[in-house]
Amino acid sequence: MPIVVDIDVMLAKRKMSVGELAERVGITPANLAVLKNGRAKAVRFTTLAALCVVLECQPGDLLRHEAGDKYEGGYENGYDEG
């Protein structure tokens with residue numbers, strides 16, 4: 001998938017555990033693990049905002065686009081053809 005999740009990087013910088021982050025954000029550790037490991041299909045803006053507040057960062061510190069990968073969901077070149 002062309003979107004890479006860098007939550008691990010921010011957790012290391014903040015010296016915070018996954019469990020502590022999940023508790024402070026208000027999501028289950030299992031759901032945070034799905035997001036952290038890049039298996040999530042979507043993320044709510046409210047969750048992204050909460051992650052940014054707790055980790056004191058910007059969305060771009062947590063998510064980045066990696067060129068060269070093709071989106072598996074049917075989009076070509078990043079645009080919806082529908």
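Residues numbered from 1 in each chain as written. Predicted model: local features only at pLDDT ≥ 70, side-chain atom pairs only at ≥ 80, totals over all residues. Heavy atoms only, no water.

Draft legend 1. Broad picture of the nonpolar core. Within the largest apolar cluster, 17 residues are counted, with the highest numbers of intra-cluster contacts made by Ile7, Leu21, Leu51, Leu55 and Leu62. Of all the elements in the fold, those that place two or more residues in this core are helix 1 (7-14), helix 2 (18-25), helix 3 (29-36) and helix 4 (45-55). For this core, the leading source of residues is helix 4, giving five residues. Setting aside chain neighbours within four positions, we find leucine 55 in contact with Met10, Leu11, Arg14, Met16, Leu21 and Leu62. (Core = buried A, V, L, I, M, F, W, Y, C linked by side-chain atoms within 4.5 Å. Buried < 20%, exposed > 50% of the residue type's maximum accessible area, 1.4 Å probe, protein only. Helix = DSSP H or I, 4+ residues; strand = E, 2+ residues; numbered from the N terminus. Contact = heavy atoms within 4.5 Å.)

Draft legend 2. Inspection of helix 1 at higher detail. The complete set of buried residues in helix 1 reads Ile7, Met10 and Leu11. Buried residues of helix 1, viewed axially, fall in a sector of 105°; they line one side. The exposed set on the far side of helix 1, more than 90 degrees from its buried face, consists of Ala12 and Lys13. Taken together, the buried residues of helix 1 touch strand 1 (3-5), helix 2, helix 3, helix 4 and helix 5 (59-62). One or two positions beyond helix 1, positive phi appears at lysine 15, with a value near 50°. (Arc of directions from axis to C-beta.)

Draft legend 3. A look at the confidence of the model for the protein chain. For the protein chain, per-residue confidence averages 87 on the pLDDT scale, and residues scoring 70 or more make up 82% of the total. Taken element by element, the protein chain is modelled with least confidence in strand 1, mean pLDDT 93, and with most confidence in helix 4, mean pLDDT 97. (pLDDT = per-residue confidence, 0-100.)

Draft legend 4. Looking closely at the packing of helix 1 against helix 3. At their nearest, the axes of helix 1 and helix 3 sit 9 Å apart, and the two run at 115° to each other. Two secondary-structure elements touch here, helix 1 through Ile7, Asp8 and Leu11 and helix 3 through Leu32, Leu35 and Lys36. Of the residues belonging to the contact of helix 1 with helix 3, the class tally is four nonpolar, no polar and two charged. (Axes fitted to C-alpha atoms, helices over the stretch in contact; angles between N-to-C directions. Nonpolar A, V, L, I, M, F, W, Y, C, P; charged D, E, K, R; others polar.)

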